[in-house]
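Examination of the molecular architecture
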Amino acid sequence: MKATIGFLAIALGTASAALGVANIAMGLFRGRPDQIRTGRRLVFIVLAFTIVAVGAMEWALLTHDFSIEYVADNNARATPLLFTITGLWASLEGSILLWALILAGYLAFTAHRFRHRATDPRVAWATLVGLIVALFFFALMLGPANPFTVSTTVPLDGAGPNPLLQNHPLMAFHPPMLYLGYVGFTIPFSFAIAALATGRVGEGWLADTRRTTLVAWGFLTAGIILGAWWSYEVLGWGGFWAWDPVENASLLPWLTATAFIHSLMVQERRGMLRVWNLSLVIATFCLTILGTFLTRSGVLNSVHAFSDSAIGSWLLTFLGLVAGGSIALIAWRADALRAPGRIDSAVSREAAFLGNNLAFAALAFVVLLGTVFPLLAEALRGEQLSVGEPYFDTMATPIGLAILFLMAAAPALGWRATSGEVLTRRLMVPAWVGGLTMVVTVVAGTRSLAAVVAFGLAGFALAGVARSVGVGVRARRRADEEGWVRAATRTVMSNPRLYGGLVVHVGVVIIAVALASFATFGAKREVRLERGESVDVGSYTVTFLGTDLERTAQKTTKSARLRLERGGDVLGVYAPSISTFPNANSGIGTPSVRTGLFEDVYLTLVSSPSESERVTVGVAVNSMVLWLWIGGGVMAAGTIVALLAVRAHEPRTRARPAAAPAGPVDDTPSPRPEPAEATV
Amino acid sequence: MNPRARNGSWIALGLVVIVTLWVAARPEPGTPSVRDRVRSVSSELRCVDCQSQSVAVSSTSSARAFRADIRRRIEAGESNAEIRRAYVETYGEFILLKPAGSGLGVFLWALPVVVVLMGAGGVALVLARSRRQPRLTATEDDEALVADAREHP
Amino acid sequence: MRNPSRWIAIGIAAVVALFGVALATQVGSDPSYAGGAILQRRAPDFDLPLLDVDGARVNLTSLRGQSVIVNFWNSWCLPCRAEAPALLEFWDRHAGDGDVAMVGIVRDESPSAARKGAREDGFDWTLAIDPDGQAAIAYGTTGQPETFAISPAGVVTGKQLSEVSVDDLEALLARARAG
């Protein structure tokens, strides 16, 4: 029955989406606002049916209804409640259902937000495009990825989710966050297409979608960071980012979206880069589909790939239509897209954003090329090649450092042009902070060029942020005689986009420092220990105390008790383990991590202890990993601040009267410092 | 700050940075230890029964076997390049996580450089073209007009 | 077509289309590793302790002159267990041939567990353990089961990187005999 309800809901959802598409299309072409309004209302009906379908799936999971193949494959009676609920995104069909739910949610939210402009052709076109995308995902669920396929024989118990997906509570958050990010880019994409279709290619569509873009970007950022965290806590190889195709697939749209949220400011402010911004938004959307194709069609080897499915050719066809159609639209509108503005000086905010975009585009290209290169090599020459971490590290490090440099310097540049004197006033002290940071790290013994540069640029960037915030707060205090806290809050609230952006930058700096430290410092050993034997790694001593065995219906877990000491102080007993699940033939290792502010001790059980007297354990001392997650949190917080911008349904972000070239905050003490431009 | 002090300060900073980088980039004295060599060779080999990890970080038994084999070969006097070549003979290019810059690998290494150069060229062109155009000074009214026209073409 | 951005758009469309076609050719193809370049090369020698006889060893040189089937396996790998009946039937047919040797090499498992598995499945050909994985690396294995055919002259003439059937094994043997 659940299968019937679920499938019916999907079928009706498909029908509503199709009806919505037909209504809006006819309304647009015949100039019938009533039909457009009908189509718009259908968006909410699509959402309702999607909620019913998801509800049916969750109900089936919770009641262990193994007559549905998806439930039988991804759930078992012994599966704990949390992982029963997360079973919705444990595999392909459920993920598509989640995708459809989130998409319908975004569409309904957008339809609600623009309710007063429902018949505005740009909004109508955007709704049309969004519904077409939704229609595609519904068609997937009716066709090759039907989550409600009923099996003829009902097993007594299900296979249970992939062991890696039922090992850590982060699994409950990472995929939905990622999807909230991925799917959210459908909205700016549909407005971009709407702008092209209506010929209103000015700045209006940017204003309409800026906040949604930022929301999607924030979720994607959080999703990626949570994924890295999950990888670190669960996979047990000691790292958090392996440049695995699935990871790259999530990074690619993030890179183009990051480029976009910088370059859109150039268009808002100066009217330039119209084609480029449209291309970035379209590329971001295409990359989310490409990523789904790469990871869900079984063309690539990957840790988390759900392989084998007819879905591959569907996704590829859809991608082809989207990319081809978008390029054709841009070519058609080429004349209208000619930018009215121009760049006055290479030492200006807009020129810095061009550099930023070049760097992000280059990084996206490198990641894309490296990810698909094995496929291309096989297609072109039948050769099997691997492209992995050493390639990506070699290519991404210089680009990443260039981005870090721009991030440190660009906020000090004003629009149009900045004089050398202003530049010196704003940058000299931060630059010296950066230079001296480099000196200190080298004197302290660091001999990795990339790390020294990263630390130096981090110092430069942080000092720059501190300086601009400090100047702003001081000016406000002097003007209004306020306390520090109130002045700081009001400074931030005077321009949430700017200060939110700076907070995000601080998060990025923290992550950059953590990455450089992780790559440079730390120690790693793999040792065989007799019971009672100890080994020294770094400043820590690890002693093997004994083993434990725990059997539950879900899994059998063997663990080794390891005592961790430093300088004679016992830090605790840790128990890395290996679990065997009934549905997998090799064991899944679970690391045990002592998290420290500056150093983690990462303990793994390398071989399943067949006899309790001897084990092989991996001991790694990892530097500053905690700061990756802290940096991620800071980025999320900054995104939220940036979203606090004064709410208006039609934000009128247009070029303000060109005052004297203003940086983030002008140094001249004035009662109200000229609100400067955002750097989000 | 007067212009001369300003320039002096920038030059001094430049010198400090260059000297620091030069010191940081100098290779560490002495020959690398066997352990360091095992790490550097193994980090560029694909762990054959994992997915995207290198032999250096994986803890599967095959990765451990590879590390032991690399150590044995180093102790037998093979160079890093010889060890890599031996594995490529058995496993093919597949085993290298960083494809060689020959054959198809050329594209992998050269294309990003080409793209960056083209992009940089494009940016330079935009800047140069802007500079050649006569500079117009727009009044506030002009700006408002333009903005309005952009919003409602 | 005076506007240069149209030409750029056409160029980008062409690149995207090529890219799409290349990807499309890969849909439905098996992405897994197809094996290295060991075929038609001298079989890497091995000298390994036997699984069930303490102190005894088997090495490839001593098998020169016979057609050798080398099978990498272990007891926790499900396809290895699945191909056991085929191996048993094949060995039943050819154990008495005199010119055929079969060596099962345990990959990635402790001797005690492998011994138990071999007993359960009734393996009665030469079984060896590869304690430090050197033989597995020399043959370029990426997992198990993997089966190789070696000619009497000591050249690798056939390989299969997946579960074998009796027919597969016969084909491998024919290749080994053909040299």
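Small disclaimer: the values here were computed from a predicted structure and weren't measured.

1. Some thoughts on the overall build of chain B
Each helix and strand counted, chain B has 6 helices and 0 strands in total. Secondary structure elements of chain B, listed N to C terminal, follow the sequence α-α-α-α-α-α. Put simply, chain B has 153 residues, and 29% of those count as buried. Partitioning the intrachain contacts of chain B with sequence separation of at least 6 by distance along the chain shows that 44% fall at a separation of at least 24.

2. Observations concerning the overall build of chain A
If you tally the helices and strands in chain A, you get 19 helices and 10 strands. Relative to the 2.2 N^0.38 estimate, which gives 26 Å for 680 residues, the radius of gyration of chain A is 27 Å and therefore close to what a compact globule would have. Counting only C-alpha atoms, chain A reaches 80 × 70 × 55 Å along its principal axes. Residue burial in chain A is summarised as follows: out of 680 residues, 59% are buried. Long-range pairs, those at least 24 residues apart, make up 74% of the contacts in chain A with a sequence separation of at least 6.

3. As for the interface of chain A and chain B
In this complex, chain A contributes 62 residues to the contact, which on the side of chain B involves 49 residues. Elements with a contribution of two residues or more to the side of chain A that touches chain B: helix H13 (349-381), helix H14 (389-409), helix H15 (420-443) and helix H16 (449-480) of chain A. Counting residues per element, the side of chain A that touches chain B draws most heavily on H13 of chain A, at 11 residues. Taken together, the residues of the side of chain A that touches chain B break down into 35 nonpolar, 16 polar and 11 charged.

4. Considering the sheet that holds strand S9 (residues 599-605) of chain A
Residue and element names in this part refer to chain A. With respect to topology, 4 strands assemble into an open sheet ordered S1-S10-S9-S8, the strand pairing being antiparallel. Here the strands that pair on one side only, and so sit at the sheet edges, are strand S1 (523-530) and strand S8 (592-594). Averaged over all pairs of adjacent strands, the angle between strand axes in this sheet comes to 20°, irrespective of strand direction. In this structure, S1 lies alongside strand S10 (residues 614-623), joined through 8 bridges in antiparallel fashion. Paired with Lys-524 across the bridge in S10 is Ala-620.

5. Focus on the pairing of strand S3 (residues 67-73) of chain C
Residues and elements named next belong to chain C. Among the 7 residues of S3, 7 are classified as buried, and the element is accordingly described as predominantly covered. Covered by surrounding structure in S3 are Ser-67, Ile-69, Asn-71 and Trp-73 together with Val-68, Val-70 and Phe-72, the residues of both alternating faces. Two elements, S3 and strand S4 (residues 100-106), share 7 bridges in a ladder whose sense is parallel. Paired with Ile-69 across the bridge in S4 is Met-102. As a crossover connection, the stretch from S3 through helix H2 (residues 78-94) into S4 is right-handed.

6. Points about the sheet that holds strand S7 (residues 156-160) of chain C
All names here are of chain C. One open sheet holds the 5 strands; their spatial order is S5-S4-S3-S6-S7, and the pairing between them is mixed. Taken across any chain shown, the strands that pair with only one partner, and hence form the sheet edges, are strand S5 (126-129) and S7. Strand-to-strand, the axes of this sheet are offset by a mean angle of 20°, without reference to chain direction. Note: S3 against strand S6 (residues 146-150), 5 bridges, orientation antiparallel. Directly across from Ile-69, in S6, lies its bridge partner Ala-149.

7. Here's the deal with helix H2 (residues 33-62) of chain A
Across its 30 residues, H2 of chain A extends 44 Å between first and last C-alpha, which sits within 8% of the 44 Å expected from 1.5 Å per residue. Positive phi shows up at His-64 of chain A, right after H2 of chain A, with a value of about 50°.

8. Some thoughts on unusual backbone geometry
Leaving glycine out, the prevailing phi sign among residues is negative, and the prevailing peptide bond configuration is trans. For the bond from Gln-144 of chain C to Pro-145 of chain C, the omega torsion is 0°, close enough to zero to count as cis. Considering the arrangement of structural elements, one finds Pro-145 of chain C in the loop between helix H4 (134-138) and S6. Residue Met-624 of chain A is not a glycine yet carries a positive backbone phi of 60°. Structurally, Met-624 of chain A is set in the loop between S10 and helix H19 (625-643). Overall, Met-624 of chain A belongs to the buried group, with 24 C-beta atoms counted inside 10 Å. Within the chain, Gln-40 of chain C stands out as a residue other than glycine whose phi angle is a positive 65°. Structurally, the position occupied by Gln-40 of chain C is in the loop between helix H1 (4-26) and strand S1 (47-49). The class of Gln-40 of chain C is exposed, set by 10 C-beta atoms lying within 10 Å.

9. Describing the interface of chain B and chain C
Taken together, the contact pairs 13 residues of chain B with 14 residues of chain C. Those elements that place two or more of their residues in the side of chain B that touches chain C are helix H3 (61-75) and helix H4 (80-91) of chain B. Looking at the side of chain B that touches chain C, the element that brings in the most residues is H3 of chain B, giving 6 residues. Residue composition of the side of chain B that touches chain C, by class: 6 nonpolar, 4 polar and 3 charged.

10. Looking at the packing of helix H5 (residues 92-113) of chain A against helix H7 (residues 174-184) of chain A
All names here are of chain A. Between H5 and H7, the least distance of the axes is 9 Å, while the angle of their chain directions is 55°. When the axis of H5 is compared with that of H7, the two are oblique. Considering only the axes of H5 and H7, their crossing is right-handed. Within the contact between the two elements, H5 uses Leu-98, Trp-99, Ile-102, Leu-103 and Tyr-106 and H7 uses Pro-176, Tyr-179, Leu-180, Val-183 and Gly-184. A class-by-class count of the residues in the contact of H5 with H7 yields 9 nonpolar, 1 polar and no charged.

11. Considering H5 of chain A
Compared with the 32 Å implied by 1.5 Å per residue over 22 residues, the 31 Å span of H5 of chain A between its first and last C-alpha is a close match. Within H5 of chain A, 17 of the 22 residues are buried, which leaves it mostly tucked inside the rest of the structure.

12. Quick notes on the packing of helix H8 (residues 186-198) of chain A against helix H11 (residues 274-296) of chain A
Residues and elements named next belong to chain A. Two numbers describe how H8 lies on H11: the axes approach to 9 Å, and their chain directions differ by 135°. Considering their axes alone, H8 and H11 lie oblique with respect to each other. The interaxial crossing formed by H8 with H11 has left-handed handedness. Together, Thr-186, Pro-188, Phe-189, Ala-192 and Leu-196 of H8 and Leu-278, Val-281, Ile-282 and Phe-285 of H11 make up the contact between the two elements. Of the residues belonging to the contact of H8 with H11, the class tally is 8 nonpolar, 1 polar and no charged.

13. Here's the deal with the environment of Ala-22 of chain A
With respect to the helices and strands, the residue Ala-22 of chain A is situated in helix H1 (residues 2-30). Judged by local crowding, Ala-22 of chain A falls into the partly exposed class, with 16 C-beta atoms found within 10 Å.

14. Considering the nonpolar core
Residue and element names in this part refer to chain A. In this structure, Ala-100, Leu-103, Ala-134 and Val-513 are the most contacted members of the largest nonpolar core, which totals 284 residues. The residues touching Val-513, leaving out its near neighbours within four places in the chain, are Ala-454, Phe-455, Ala-458, Met-624 and Trp-627. One finds Leu-529, Phe-544, Phe-581 and Val-619 within the second-largest nonpolar core, a separate group that totals 20 residues.

15. Some details on the environment of Tyr-540 of chain A
Residue and element names in this part refer to chain A. As for its position among the elements, Tyr-540 is in strand S3 (residues 540-551). As a C-alpha pair, Tyr-540 and Val-619 span 79 residues in sequence and 9.6 Å in three-dimensional space. The contact partners of Tyr-540, leaving out residues within four places of it in the chain, are Leu-564, Glu-565, Arg-566, Val-601 and Val-621.

16. A word on the confidence of the model for chain A
Residue and element names in this part refer to chain A. Looking at chain A as a whole, its pLDDT mean stands at 87, while 92% of the residues score no less than 70. For residues 302-307, every residue scores under 50 in pLDDT, and the model assigns this stretch 20 contacts once sequence neighbours within four places are set aside. Segment residues 647-680 is flagged for pLDDT under 50; beyond a separation of four residues in sequence, or across chains, it makes 73 contacts in the model.

Conventions adopted
- Residues numbered from 1 in each chain as written.
- Chains lettered and ligands numbered in written order.
- Predicted model: local features only at pLDDT ≥ 70, side-chain atom pairs only at ≥ 80, totals over all residues.
- Helix = DSSP H or I, 4+ residues; strand = E, 2+ residues; numbered from the N terminus.
- Buried ≥ 20, exposed ≤ 12 C-beta atoms within 10 Å, placed from the backbone.
- Contact = placed C-beta atoms within 7 Å.
- Rg over C-alpha atoms; globule rule 2.2 N^0.38 Å.
- Nonpolar A, V, L, I, M, F, W, Y, C, P; charged D, E, K, R; others polar.
- Pairing = 2+ DSSP bridges.
- Axes fitted to C-alpha atoms, helices over the stretch in contact; angles between N-to-C directions.
- Right-handed = clockwise from strand over helix to strand, strands pointing away.
- Expected span 1.5 Å × (residues − 1).
- Parallel < 35°, antiparallel > 145°, perpendicular 65-115°, else oblique.
- Left-handed = near helix turned anticlockwise from the far one by under 90°.
- Core = buried A, V, L, I, M, F, W, Y, C linked by C-beta atoms within 7 Å.
- pLDDT = per-residue confidence, 0-100.

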